[in-house]
Amino acid sequence: MAENHSAESVRVVVRVRPLVSAEQEQSVVQVQGSQVIYVQDPDAAKKFSFDRIFDSDTKQTTVFEEIAKPIAEDVMQGYNGTIFAYGQTGSGKTFTMQGKEDGIRSNDPAAKESRGIIPQVLEYLFQRMEKDKSEKNMVNYTVKCSYLQVYNEMITDLLYSGTPHPLNIREDSKRGVYVDGLSEEVIHGPQDCYQLLMRGLHNRAVGATAMNQESSRSHAVLTITIERNECKENKVWSKRISKLNLVDLAGSERQKKTNTTGKSLKEAANINRSLSVLGYVIMALVDVAGGRERHINYRDSKLTFLLRDSLGGNAKTCIIATISPSEKNISETLSTLKFAQRAKCVKNRATIQEETTGNVMQLQVEIKRLQEFVRQLLSEREQLVQNNSNQSTPNGKTPSLVTVKRQDLAITTPPVSEEESNQAESEDVTLSGSAIKELQQMLLMTEQRGKETEDTKRYLETQLEDITNQYRRYKDSIRSIHLVLKKVVSFMQEFTPQGHHQRLDSGVIDMEASSSASVEEEEEEIQQLEETAEYLQKGLIRFKQFVEAKKKEVNNLREEVGEKQSCLTNLRTQMEQLTANSSHHRDHSEQYAYFRSQVIQSIRTNVDDDSFQANVWDPEKLADVEFLQYKIAEILQSEASKDELIQSILAEKARIESQRDAAQSEVDRILHSLEIEKENSKMLEEQLKKIQNNQDHQGIGEEALRKKLVQSESKIQSLENFRKQMQRLVDQQAIEIQTWKKRAQSISDELVSARKEYETHERSRSEQLQRLMNELIKQRRQIILAEERIAAASVIQKEIQQHFDQSQYLREGRGGAISSFVNGLEYIAEQVISKLFGTTKPNNNGSNHPQYGFAGSLVHSKDIPLETMARLGGELEQSAKAAEAALSRMDNNIEMFSHSRSSSKDTSETITV
Ligand SMILES: Nc1ncnc2c1ncn2[C@@H]1O[C@H](COP(=O)(O)OP(=O)(O)OP(=O)(O)O)[C@@H](O)[C@H]1O
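Thresholds, definitions, all that
Residues numbered from 1 in each chain as written. Predicted model: local features only at pLDDT ≥ 70, side-chain atom pairs only at ≥ 80, totals over all residues. Heavy atoms only, no water. UniProt positions renumbered as here; feature names shortened; annotations may be inferred. Helix = DSSP H or I, 4+ residues; strand = E, 2+ residues; numbered from the N terminus. Buried < 20%, exposed > 50% of the residue type's maximum accessible area, 1.4 Å probe, protein only. Contact = heavy atoms within 4.5 Å. Areas by Shrake-Rupley, 256 points an atom, 1.4 Å probe, with all protein chains shown as cover. Salt bridge = Lys/Arg side-chain N within 4 Å of Asp/Glu carboxyl O. Expected span 1.5 Å × (residues − 1). Bend = angle between axes of the 7 residues up to and from the residue. Axes fitted to C-alpha atoms, helices over the stretch in contact; angles between N-to-C directions. Parallel < 35°, antiparallel > 145°, perpendicular 65-115°, else oblique. Left-handed = near helix turned anticlockwise from the far one by under 90°. Nonpolar A, V, L, I, M, F, W, Y, C, P; charged D, E, K, R; others polar. Pairing = 2+ DSSP bridges. Patch = residues over 30% accessible without salt bridge, like charges linked within 9 Å, V, L, I, M, F, W, Y side chains within 5 Å. Polar contact = N/O pair within 3.5 Å; in protein donor to acceptor, adjacent residues only side chain to side chain.

The name an unreviewed UniProt entry assigns to the protein chain is Kinesin-like protein, from the organism Galdieria yellowstonensis. Looking at the protein chain in UniProt, the text filed under Sequence similarities (unreviewed entry) is "Belongs to the TRAFAC class myosin-kinesin ATPase superfamily. Kinesin family. KIN-12 subfamily."

Trainee: I would appreciate a short explanation of the overall build of the protein chain in the present structure.
Mentor: When you go through the protein chain residue by residue, the secondary structure sums to 20 helices and 19 strands. A total of 913 residues make up the protein chain; the buried ones form 33% of that total. Sequence-distant contacts in the protein chain: of pairs separated by 6 or more residues, those separated by 24 or more amount to 75%. Working note: accessible area of the protein chain is about 55,700 Å², and carbon and sulfur atoms make up 51% of it.

Trainee: Teacher, can you tell me more about the UniProt feature "binding site: ATP" (unreviewed entry) in the protein chain here?
Mentor: Mapped onto the present numbering, the UniProt feature "binding site: ATP" (unreviewed entry) falls on Gly87, Gln88, Thr89, Gly90, Ser91, Gly92, Lys93 and Thr94. Along the chain, Gly87 falls in strand 7 (residues 81-87). Given a relative accessible area of 1%, Gly87 falls into the buried group. Contact partners of Gly87, with chain neighbours within four places excluded, come to Lys93, Ala250, Gly251, Ser252, Thr322 and Thr336. Relative to the assigned elements, Gln88 resides in the loop between strand 7 and helix 2 (93-97). On the basis of relative accessible area, Gln88 is assigned to the buried category, the value being 2%.

Trainee: Can you walk me through the pattern of salt bridges in this structure?
Mentor: Pairs may arise between side chains of opposite charge once their charged atoms sit close together. Taken as a whole and assessed by the stated rule, the structure comprises 14 salt bridges. Of the charged contacts, one joins Glu171 and Arg299 as a salt bridge, the two residues approaching to 2.8 Å between their closest N and O atoms. Of this pair, Glu171 sits in strand 10 (residues 168-172) while Arg299 sits in the loop between helix 7 (262-289) and helix 8 (302-306), placing them 128 residues apart in sequence. Classification of Glu171 by relative accessible area gives partly exposed; the value is 35%.

Trainee: How should helix 1 (residues 60-77) be read in this particular structure?
Mentor: Residues separated by three or four positions in an α-helix point in the same direction, a consequence of the helix having 3.6 residues per turn. Spanning 18 residues, helix 1 covers 24 Å between terminal C-alpha atoms, matching the ideal 26 Å at 1.5 Å per step. In helix 1, a bend of some 45° at Ala68 exceeds every other bend along the element, and Pro70, a proline, comes one to four places later. Looking only at helix 1, the buried set comprises Gln60, Val63, Phe64, Ile67, Ala68, Ile71, Ala72, Val75 and Met76. Backbone geometry just downstream of helix 1 places Gly78 in the positive-phi region, at approximately 110°.

Trainee: Sorry, what's going on with the packing of helix 5 (residues 117-135) against helix 6 (residues 190-203) here?
Mentor: In helix packing, the relevant descriptors are the interaxial angle and the interaxial distance, both defined with respect to the helix axes. Two numbers describe how helix 5 lies on helix 6: the axes approach to 9 Å, and their chain directions differ by 150°. As far as their axial angle goes, helix 6 and helix 5 are roughly antiparallel. Of the two possible hands of crossing, helix 5 and helix 6 adopt the one that is right-handed. Judged by residue contacts, Ile118, Pro119, Leu122, Glu123 and Phe126 of helix 5 engage Pro190, Cys193, Tyr194 and Leu197 from helix 6. In terms of residue class, the contact of helix 5 with helix 6 is made up of eight nonpolar, no polar and one charged.

Trainee: Looking at this structure, how should I read the sheet that holds strand 5 (residues 45-49)?
Mentor: Picture the strands of a sheet paired through backbone hydrogen bonds; they go either parallel or antiparallel. As summarised here, the arrangement of the three strands in space is 3-4-5, forming an open sheet in which the pairing is antiparallel. Of all strands in the sheet, those with a lone pairing partner are strand 3 (29-32) and strand 5, marking the two edges. Strand-to-strand twist of the sheet, defined as the mean angle between neighbouring strand axes without regard to direction, takes the value 20°. Bridge count for strand 3 against strand 4 (residues 36-40) is four bridges, and the pairing is antiparallel. Bridging from a neighbouring strand, Gln32 pairs with Val36 of strand 4.

Trainee: When you look at the pairing of strand 9 (residues 154-157) in this model, what are you seeing that I'm missing?
Mentor: On a regular strand, one side chain projects to one face of the sheet and the next to the other, so that they alternate. Relative to strand 9, strand 8 (residues 139-151) runs antiparallel, the two being bridged by four bridges. Note that in strand 9 the partner of Gln149 across the bridge is Thr156. What sits between the antiparallel neighbours strand 8 and strand 9 is a turn of two residues, in which Asn152 has the positive phi angle 55°.

Trainee: Looking at this model, I keep getting lost on the packing of helix 1 against helix 5. Mind explaining?
Mentor: Across the interface, helix 1 lies against helix 5 with an axial gap of 9 Å and an inter-helix angle of 45°. It follows from the interaxial angle that helix 1 and helix 5 lie oblique. In this structure, helix 1 meets helix 5 at a crossing whose hand is right-handed. Here Gln60, Thr61, Val63, Phe64, Ala68, Lys69, Ala72, Glu73, Met76 and Gln77 of helix 1 come into contact with helix 5, specifically with Ile117, Gln120, Val121, Tyr124, Leu125, Arg128 and Met129.

Trainee: Honestly, a nonpolar patch on the surface in this entry has me stumped. Any pointers?
Mentor: On the surface, Met773, Leu776 and Ile777 cluster together to form a nonpolar patch covering roughly 280 Å² of accessible area. With respect to the helices and strands, Ile777 occurs in helix 18 (residues 702-837).

Trainee: Honestly, the side chain of Thr225 in this entry has me stumped. Any pointers?
Mentor: As for its placement among the helices and strands, Thr225 is situated in strand 13 (residues 219-231). Engagement of the side chain of Thr225 in a polar contact is seen with the side chain of Glu184, the distance being 3.5 Å. The contact partners of Thr225, leaving out residues within four places of it in the chain, are Thr142, Val143, Lys144, Glu184, Ile241, Ser242 and Lys243.

The structure is reproduced here in structure tokens:
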């Protein structure tokens, strides 16, 4: 029946009215953007922010579009909605909610611009209903309207044409809070509602205060109830009832400021009381929204009790705080804004009010239909799954797909053949992301269905509770009837001769003991019965008088209606006469026109006729001409008077028509009140009958009571049967709910496993990715290493080059050294030989051979003895050997260099490769 929604804040907006002509001062409020407002307090500017702030230039249509239209739309969807206008007197509450009266009545576009929220909302709602009806065949709407006021903590019906009487607020599990006896009228279009509105406005208590000449002294609540019935398949009806409350609160002024005294002071006190309770309720609700546990005293005032659902309950609510920009109203403006600020924190939980009805069979059909729907969804999903698996890559591993077991998906539909079944069992199904989404949607839907079934169950349970209560009441009343019956029987037994005789015979009652006490009791009982009879008699007489008076009233009204009707008939006859007159005049004027054309024609023929000239002086003809001239003048005159006559006839006709309309509406009103009176008198007659029946019951005695008892018992029996039937239905529903719950659970499990599968897949994919990343990083490192090696190789190459150059240099140096050494050796050897053998080389002066080196020059310059020479030779030989060893070492070095060069070269080449 209802759909759960999370808590949602009450929407609070502010509207600033323009300065009126009496207010000469500057505005003390300043609107910044669409959400911030500053109030220029003498101490400091105070800043407030709200959902929306409408400055003084805002048009009525803008307020409707931004505030009322979304709520009206919610109401069309099945939510309850409320729009409050709160503010000091004269701040524009009525202007915002209702607008100017001309705007409501008139069709003039300029006047229409001043229409407030109520007329615009009505028009919108009816347009939306028409649209819905044109789009769907089996939809119908019933719109009802009620209009009440809370005045001096008293609720009265603004649509009731008689003397207003206070109504009470009641509450029950089915209807919630409602006003007992409040009239609700069916409306078929906005025009019907405007008429109701006008009627209600006329009845609304309007009193003058020092602040506002037309200050509304009461809280007015216009409630539009929309009942939408839609026939779904299999004759199951879905019913949605939503209400829109449009509330124009009384001004939140202070008594001192409005100069109210006496009756008005009481009014102000009561208005302030209900507004203060509204404030307290809002404060408590703010605490509740903040997580504190608090009791909300809705019952402290009629207003808050009545609008309980709109404050922290099941409704979409918007509060429009209206303020005046005038300096003299600054404290009221601040207080309104503070109230609005608090109200911003209140949270509501709105739900759609929908219920499905139909008999048990129909409900079963509906359940079957839903099952079929689920089956269809499943097959669609499988189709989708198959499509997806067909589209997957050859290795069947599309990353966005999740694999789940087919048997996990199967809910109710078994595979057709065994083969299929086996295949189905062995086969895994691949679900895409969209299939998972679909699965989620299905799960949501199943949950929703489960909730709906649960709501139906709850509704049936409340019905069952009501029936059980009724059953209990019946039982009680039967018990009391039994008691009365017993009493009557014993009473009768005692007064019958047999009873008396029996009493005497049985000797059960002791004559002496009972004599005084039982007589007294009996007398008392008789007296009680007599009193009751007298009381009932009086009541009956009073009712008879009342009925007589009502009958008289009805007769008077009938007479009045008769008079009005005869008056109407007279007016009608007059009207008909006038119409006949006007047609007569029309005929007459047509005759004249014809006659005139004839005469003109004859004159023309006479003028054209040649013989006419000859007969010009013919006295007969002249007389004819004169006659014709006279006739023409007469015709012209009659034509002029005819126009006047037509004008006057039209005016008379309009007057009579308006009289007729007024009389008609009067007659309608009288007929309407007659209807009400008839109903009243019928009710009274019924009540009278009941009383008479009661009396008859007293008189009829045992038989009637027995009959009643039998009737009541059979009624109880039937109620018991009904209760059992309902119980069975509730049990069935409970089983259904269980099945749905299981199904929902299995789908949820399925979803969870699908999700797990998906997660595992995702995990392995990310691991693979990680591995690839690591590989990449490794390769990158190798590249960097190779680059570094290349750089090192080029350095080595350079070094090798240097070594090579060095070895080359060494080689060259070694060659030079060797040759000079060999020369030196040769020279020394020569010198040794010459010294030994006395042979010298001619002109071979050592000084001339610098290439012989220091040894040669030394040998040459000194006359060295042989032994010294021999020693020197030995030394030289040794040093030659040492030089040779050094040379071979040098060769080795060079060899090593060249080897290392070639190997480095190889390395660098490898690295480069
Ligand atoms: N936004 C507005 N634009 C133009 N005129 C406005 C606006 N708001 C209010 N008025 C005018 O200010 C006057 C007082 O407004 P209204 O009667 O709506 O006040 P109120 O708050 O309903 O007073 P009360 O509580 O006494 O009924 C009216 O003449 C109304 O036309």
